[in-house]
Amino acid sequence: MDALHPRLLVDDFPAVFAFYAAVLPKLAGAQLAAGGPDGPYASWDVGDQGLLSMCDARMMSGAAGAELTTGGPVMLVCRVADVDDGADLCQAHGATVVSPPADRPEWGPNLRTAHLRDPQGTLIELQSY
């Protein structure tokens, strides 16, 4: 299970994909787990653990309902048992909802997400599937 892993939001998906596809196997022993050079998503695992994922920034901007400039080019992604409960917990501790919990069948079977910003502005995606 991928409890917490970084997701890079990128403007030039093919170039960034080519870089990580070339270096991650040698540097970290990671293997491509999903996606490809045409995007909009790719991820690499070491064993059964997610190491890094990347997503086209324009697509994620549409999903999150906002331009993704505040908080930098990284989004923290956290798999949770219940997206709604997780979003409530984050809000209770100072997070701001960017995109409320929503089913995302176009992203994958049974996928549900919520997007929030922590008090510093870093984008967080809570997901369950």
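Residues numbered from 1 in each chain as written. Predicted model: local features only at pLDDT ≥ 70, side-chain atom pairs only at ≥ 80, totals over all residues. Heavy atoms only, no water.

*Asks:* Would you take a moment to explain the nonpolar core for this structure?
*Replies:* Soluble globular proteins tend to pack their nonpolar side chains together in the buried interior. Judged by nonpolar contacts, L8, V10, F13, F17, L24, A30, A42, W44, L52 and M54 together constitute the single largest core of 10 residues. Counting only elements with at least two residues in this core, the list comes to β1 (4-10), α1 (13-28), β3 (41-46) and β4 (49-56). No other element matches the 3 residues that α1 contributes to this core. Those residues in contact with A42 that lie beyond four places of it in its chain are F13, F17, L32, A34, G35, G36, L52, S53 and M54. In this structure, L9, C55, M75 and V77 belong to the second largest nonpolar core, which totals 8 residues. (Core = buried A, V, L, I, M, F, W, Y, C linked by side-chain atoms within 4.5 Å. Buried < 20%, exposed > 50% of the residue type's maximum accessible area, 1.4 Å probe, protein only. Helix = DSSP H or I, 4+ residues; strand = E, 2+ residues; numbered from the N terminus. Contact = heavy atoms within 4.5 Å.)

*Asks:* Got a minute to help me understand unusual backbone geometry in this structure?
*Replies:* In most cases, non-glycine residues show a negative phi, while peptide bonds are predominantly trans. Along the chain, G39 connects to P40 via a cis peptide bond; the corresponding omega equals 10°. Tracing the sequence through the fold places P40 in the loop between β2 (31-35) and β3. Positive phi outside glycine occurs at N110, with the angle close to 60°. Note on placement: N110 falls in the loop between β6 (96-103) and β7 (112-117).

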